[in-house]
Amino acid sequence: MLCGCPGVLRTSAAPAAALAAALLSSLARCSLLEPGDAVVSALSPYFGTKTRYEDVNPALRSDPEAPRRDPRLLEGSCTPVQLVALIRHGTRYPTAKQIRKLRQLHGLLQARRAGGGEGEAGGLGAALAAWPLGYADWMDGQLVEKGRLDMRRLALRLAALFPALFSRENYGRLRLVTSSKHRCVDSGAAFLQGLWQHYHPGLPPPDVADMECGPPRINDKLMRFFDHCEKFLTEVERNETALYHVEAFKTGPEMQTILKKVSDTLQVPVNDLNADLIQVAFFTCSFDLAIKGIKSPWCDVFDVDDAKVLEYLNDLKQYWKRGYGYTINSRSSCTLFQDIFQHLDKAVEQKQRSQPVSSPVILQFGHAETLLPLLSLMGYFKDKEPLTAYNYEEQVQRKFRSGHIVPYASNLIFVLYHCEDAKTPKEEFQVQMLLNEKVLPLAHSQETVSLYEDLKNHYKDILQSCQTSEECALPKMNSTFDEL
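On to the overall build of the protein, then. Along the backbone of the protein there are 19 helices and 8 strands. A buried classification covers 55% of the 484 residues belonging to the protein. Considering only residue pairs separated by 6 or more positions, the protein has 79% of its internal contacts joining residues 24 or more positions apart. Counting every atom, the protein has about 21300 Å² of accessible surface; 51% of that belongs to carbon and sulfur.

All right, on to the packing of aromatic side chains then. Aromatic rings considered in pairs are described by the distance between their centres and by the relative angle of their planes. With the rule as written, the count across this model stands at 20 aromatic pairs. Geometrically, the ring pair formed by Phe-337 and Tyr-459 is edge-to-face, given 5.2 Å between the ring centres and 70° between the ring planes. Residue Phe-337 is located in helix 14 (residues 334–352), and its partner Tyr-459 is located in the loop between helix 17 (452–458) and helix 18 (460–465); the two are separated by 122 residues in the primary sequence. Tyr-459 shares its class with Phe-337; the two are buried. When the ring of Tyr-380 is compared with that of Phe-381, the centres are 6.1 Å apart and the planes differ by 45°; the resulting orientation is tilted. Among the aromatic residues, those joined into a ring-pair cluster are Tyr-319, Trp-320, Tyr-324, Tyr-326 and Phe-400.

Another point: the pairing of strand 4 (residues 361–366). Most of strand 4 is tucked away, with 6 of its 6 residues classed as buried. Of the two faces of strand 4, the one holding Val-361, Leu-363 and Phe-365 and the one holding Ile-362, Gln-364 and Gly-366 are both buried throughout. The pairing of strand 1 (residues 78–88) with strand 4 spans 6 bridges and is classified as parallel. Counted as the bridge partner of Leu-83 is Val-361 from strand 4.

This part takes up the state of the cysteines. Considering all chains together, one arrives at 4 disulfides under this definition. Here Cys-285 engages in a disulfide with Cys-299; their sulfurs sit 2.1 Å apart. Residues Cys-285 and Cys-299 share a disulfide whose torsion about the S-S bond is about 95°; that sign makes it right-handed. Highlighted residues: Cys-285 in helix 11 (residues 275–292) and Cys-299 in the loop between helix 11 and helix 12 (304–322), separated in sequence by 14 residues. Of the two residues examined, Cys-285 and Cys-299, each falls in the buried class. One disulfide in the model links Cys-334 with Cys-466; its S-S distance is 1.8 Å.

Our next topic: the pairing of strand 2 (residues 175–178). Across 4 bridges, the pairing between strand 2 and strand 4 is parallel. Bridge assignment links Leu-176 to a residue of strand 4, and that residue is Leu-363.

Under the defined criterion, the tally for this structure stands at 28 salt bridges. Ionic pairing is found between Arg-401 and Glu-311, a salt bridge with its closest N-O pair at 2.9 Å. Of this pair, Arg-401 sits in the loop between helix 15 (368–377) and helix 16 (402–405) while Glu-311 sits in helix 12, and the two are 90 residues apart along the sequence. Each member of the pair Arg-401 and Glu-311 is classed as buried. For the salt bridge of Asp-454 with Lys-426, the shortest nitrogen-to-oxygen distance reads 2.9 Å. Of this pair, Asp-454 sits in helix 17 while Lys-426 sits in the loop between strand 5 (411–419) and strand 6 (429–435); the two residues are 28 residues apart in sequence, bridging distant segments of the chain. Salt bridges sharing common partners tie together Lys-101, Glu-247, Lys-250 and Asp-276.

Every α-helical turn comprises 3.6 residues, leaving residues that sit three or four positions apart pointing alike. Along helix 8 (residues 230–237), the positions that sit buried rather than exposed are Phe-232, Leu-233 and Val-236. Looking straight down helix 8, one finds that the buried residues subtend no more than 105° of arc, so they occupy a single side. For helix 8, the secondary structure elements touched by its buried residues are helix 12 and helix 13 (327–331).

On average, residues of the protein score 88 in pLDDT, and 88% of them reach the 70 mark or higher. Within the model, pLDDT remains below 50 along residues 1–37, and this stretch shows 59 contacts once partners closer than five positions in the same chain are excluded. Segment residues 479–484: pLDDT under 50, and 0 contacts once partners within four positions in sequence are set aside and those in other chains are kept.

What follows is about the side chain of Ser-167. Structurally, Ser-167 can be placed in the loop between helix 5 (145–161) and strand 2. The exposure class assigned to Ser-167 is buried, which follows from its relative accessible area of 14%. A polar contact of 3.4 Å, which involves the side chain of Ser-167, links it to the backbone oxygen of Ala-164.

Turning to the environment of Phe-232, a few remarks are in order. Structurally, Phe-232 is set in helix 8. Of the residues examined, Phe-232 reaches a relative accessible area of 2% and is grouped as buried. Spatially, the C-alpha atom of Phe-232 lies 6.6 Å from that of Asn-329, the residues being 97 residues apart in sequence. In contact with Phe-232, not counting residues within four places along its chain, are Phe-226, Glu-237, Lys-321, Arg-322, Ile-328 and Asn-329.

In this section: the environment of Gln-104. Structurally, the position occupied by Gln-104 is in helix 3 (residues 96–114). Counting along the chain gives 173 residues from Gln-104 to Leu-277, while the straight-line C-alpha distance between them is 8.1 Å.

This part is about the side chain of Ser-286. Note that Ser-286 resides in helix 11. A residue is classified by how much of its surface remains accessible, and Ser-286, at 2% relative accessible area, is buried. Leaving out residues up to four positions away in the same chain, Ser-286 has contacts with Phe-47 and Lys-50.

Criteria and thresholds
- Residues numbered from 1 in each chain as written.
- Predicted model: local features only at pLDDT ≥ 70, side-chain atom pairs only at ≥ 80, totals over all residues.
- Heavy atoms only, no water.
- Helix = DSSP H or I, 4+ residues; strand = E, 2+ residues; numbered from the N terminus.
- Buried < 20%, exposed > 50% of the residue type's maximum accessible area, 1.4 Å probe, protein only.
- Contact = heavy atoms within 4.5 Å.
- Areas by Shrake-Rupley, 256 points an atom, 1.4 Å probe, with all protein chains shown as cover.
- Phe/Tyr/Trp six-rings, centres within 6.5 Å; stacked < 30°, edge-to-face > 60°.
- Pairing = 2+ DSSP bridges.
- Disulfide = S-S within 2.5 Å.
- Salt bridge = Lys/Arg side-chain N within 4 Å of Asp/Glu carboxyl O.
- Arc of directions from axis to C-beta.
- pLDDT = per-residue confidence, 0-100.
- Polar contact = N/O pair within 3.5 Å; in protein donor to acceptor, adjacent residues only side chain to side chain.

Written out as structure tokens, the structure is:
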């Protein structure tokens, strides 16, 4: 094997010049992830929801287990008494749908290679045709070892950052909730293993079922609320016109430019390609980086300008399906938002009665599709103008960049503080939010901390008036009958 690129050695069917070009090019591109190394590509910031967590927090590349204490975190007389965390699963395999598209594209390249594609440009196509796919249908979105590592390291950092909350005494009072998807259940289990490592350095962790706090509890109505919202399913998920701007951008000038460029680069007829195949090639670069730790030849198909366009395509989908595109996207998450505040309310009530907080740490494991609607509901990352198929240039500086918001292992954390030196009862309880371990200023004021009562008052409509059963109900059809 040569630099982790076995496929490069099997290009004997290609002409000698193309073979040499492919070999030299692949050697230059390919690098296996060594312990302690972090393979980075110029494309890394543009993978949208397929972005690695360490590409959002680059300091983690050098020391992934060390907590990064944001200087804006409260300290002194304000003590954290509860933490509620909403966590996206760690790095995962491609879905079966993505793997089928990759297999289709790979087949086109192999057919071209078998036909004897000529020229220097054929070098990359030949290298990709010989490059092993490495992904099979059975993988279908499952958590990979890197994803487990994401979770274990996140647990170590949070436990070090909030030692009183994650104390050994509180371990049995942890509450874990997860989506039913294996990647979320496995993420919760890996997080618990990270905590075990924190409490018992050097000792192998027991099975999750044997841990004191027990295995995560599955609750899809909370963590996959979108699957239980009929209005969302009918008007967005199953509506062929709901993603109009996504489909329009696929055939727009920015994507067509990339389509022709990739056709020339890989020596594949442009009519055999489409935006979906281009996007899966781009994502395969991201999967190889995140899962295998290698810069595969797939990364050389694109430059940074291409990556920015493909990122926008991904963001368009997230915007119209999970963000501000339709009101129901965010309103379907009201139950989850209210659940978070019910935990906080209970902690406040217990502290006021001088009782111990029964659940100091609540951990909820879900998806990018869980976090994005909730953040939209709260008013975060909203641009003045909606993202459309026709304003790519105007949206280059947009706030809604899904890869910066919900990479793998992304986390939204609510921290409730009890402040001993409060001058008034209202100032006794305060809240901070963290997104990906950095303090998240309030969307409405840009302040980094809020009195708990003020935060509840700001979101009064959601907490009091947003009833999921009503929000998600389909409008009744008006039936009229002609009178006889």
